[in-house]
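Coordinate analysis (summary)
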Amino acid sequence: MDKRIVAFCCENSALRAAQNVEDPAVLEAVELVRLPCTGKVEIGLLLQCLERGHPGVLVLGCPVDNCKFLRGSSRARKRVDMTRKILKEAGLDEERVRMDFLSSLDAHKFQRIVAEMRARLAAGRPKDAEEAPAEEAAKGGRR
Amino acid sequence: MITAVQKPFGEIYSMVQGVPRLLVLGCGTCVTVCMAGGEKEAGILASALRLANREKGVSMEVETDTIERQCDREFFDPVREKVEKADAVLSMACGVGVQFCSEVFAGKRVLPALNTRFYGTTEQQGVWAERCAGCGNCVLDRFGGVCPVARCSKSLLNGPCGGSQNGMCEVDPKNLQCGWQLIYDRLKLLGLLHLLEENQPARDWSTGRDGGPGKIVREDMVLDS
């Protein structure tokens, strides 16, 4: 069986959203990893997922201004940005690691994030027009 | 502590080309504190190298380990076997550690993954700043504990110069505080402004870089052979 996309989910938001996803195909496409807060993710951990053959990694946390632990999402975002920089410097597609922000009610958004990630990975490097900086998404701009 | 930053990945990657078995060796002291070359950073760099190799179809075994310090001989013992198996060591220590690793394992190629910067302090998490130039003749008593050698861009002992504006240095007016403004403010706080009336004579720099590579010998501590 092919390795799935790893989704590191904050248990206060993204994980609850994932639990409300009804489409089984979406859940089959991802391996959910429960975190107390996305502020727990480390750059080395994200890179290890790729090293172990996972096609992509998602870090899904609370909106930056609504993080249960106040700064967890913003810390995670910086680490994801650094991971993407490392990937780019190493000649890999930085889109293989992405962060997004959602509330516990955003099951539909969770589905869309996974679908977009799968499409990006299937297509290889995405077009510039499809890129959405993490900062924009953090403000809740991508609904 | 000694501070450092990682070299650009492209420079490191060029350096390790043609090495079949590479050991990325972290250092657990200064460069761990400044988050440049500790266990975590060694793991990240090793991962990035493996991913880059896989992407480019390059065959290279990348192993990683971290020792307490790369500037003391005894700490190398636990990794001796790994070093011997590797064709090259990519040291994530400061320049001292890289050179000493090369001395300990004579005949083994040791490559630097970091650019060593300065003796500094952690001003806040993620921010390090220079405090000492290692000149070998400390004058902090005369300047309220603020070093004119390290913190004045021109290392003036009789400052300030005309480039001090609004407390900032002309070398980088947006980011660099004038060392002499800091000295003045500190001496004023301490009630020691009169110290600035003393003219500092030209000093002997032979205890610093001008004297060539430094060496300290403590006769009472040297073990008999």
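Turning next to the overall build of chain A. Across its full length, chain A carries six helices and four strands. Starting at the N terminus, the α and β elements of chain A follow one another as β-α-α-β-α-β-α-β-α-α. Residues classed as buried in chain A amount to 42% of the 143 residues present. Counted over contacts in chain A with a minimum sequence separation of 6, partners at least 24 positions apart contribute 74%.

Taken domain by domain, chain B comprises domain 1 (2-117) and domain 2 (136-199). On a C-alpha basis, the centroid separation for the pair domain 1 of chain B and domain 2 of chain B is 38 Å.

Right, let's get into the sheet that holds strand S5 (residues 109-112) of chain B. All names here are of chain B. On the basis of which strands lie adjacent, the open sheet formed by four strands has the order S3-S2-S4-S5 and parallel pairing. On the outer flanks of this sheet lie strand S3 (61-67) and S5, each paired with one strand and no other. If you compare each strand with its neighbour and ignore which way they point, the axes differ by 25° on average. Pairing of strand S4 (residues 88-91) with S5, which is carried by four bridges, proceeds in the parallel orientation. Paired with Ser91 across the bridge in S5 is Pro112. Helix H3 (residues 39-56) contacts strand S2 (21-27) and S3 of the sheet and is inclined by roughly 175° relative to S3. Against the sheet, helix H5 (residues 95-104) engages S2, S4 and S5, with an angle of about 175° to S5.

With that settled, consider helix H7 (residues 179-190) of chain B. All names here are of chain B. Taking 1.5 Å per residue as the helical rise, H7 with its twelve residues ought to reach 16 Å, and the 17 Å between its terminal C-alpha atoms agrees with that figure. At its buried positions, H7 is contacted by helix H6 (148-151) and strand S8 (164-165). Once H7 ends, the next one or two residues include Gly191, with phi positive near 70°.

Turning our attention to the interface of chain B and chain A. Listed as interface residues are twelve residues of chain B and, on the opposing side, eleven residues of chain A. For the side of chain B that touches chain A, the elements supplying multiple residues, two or more each, are helix H1 (9-15) and H3 of chain B. Ranked by residue count, the leading element in the side of chain B that touches chain A is H3(B), at ten residues. Of the residues contributing to the side of chain B that touches chain A, the split by class is five nonpolar, three polar and four charged.

Attention now goes to the environment of Val33(B). All names here are of chain B. Mapping Val33 onto the fold places it in helix H2 (residues 30-33). On the neighbour-count criterion, Val33 (14 C-beta atoms within 10 Å) is partly exposed. As a C-alpha pair, Val33 and Leu196 span 163 residues in sequence and 36 Å in three-dimensional space. Those residues in contact with Val33, other than ones at most four positions away along the chain, are Met1 and Thr122.

Attention now moves to the pairing of strand S4 (residues 97-101) of chain A. Strand residues, when the strand is regular, have side chains that alternate between the two faces of the sheet. Residue and element names in this part refer to chain A. Across the five residues of S4, five count as buried, placing the element largely inside the fold. The side-chain alternation of S4 yields two buried faces, one formed by Val97, Met99 and Phe101 and the other by Arg98 and Asp100. Where strand S3 (residues 57-61) meets S4, five bridges bridge the pair, whose relative direction is parallel. Counterpart to Leu60 in the pairing with S4 is Asp100. In this region the chain leaves S3, passes through helix H4 (residues 72-89) and returns to the parallel neighbour S4; the handedness of that crossover is right-handed.

About the criteria used
Residues numbered from 1 in each chain as written. Chains lettered and ligands numbered in written order. Predicted model: local features only at pLDDT ≥ 70, side-chain atom pairs only at ≥ 80, totals over all residues. Helix = DSSP H or I, 4+ residues; strand = E, 2+ residues; numbered from the N terminus. Buried ≥ 20, exposed ≤ 12 C-beta atoms within 10 Å, placed from the backbone. Contact = placed C-beta atoms within 7 Å. Domains from an automatic or database assignment. Pairing = 2+ DSSP bridges. Axes fitted to C-alpha atoms, helices over the stretch in contact; angles between N-to-C directions. Expected span 1.5 Å × (residues − 1). Nonpolar A, V, L, I, M, F, W, Y, C, P; charged D, E, K, R; others polar. Right-handed = clockwise from strand over helix to strand, strands pointing away.

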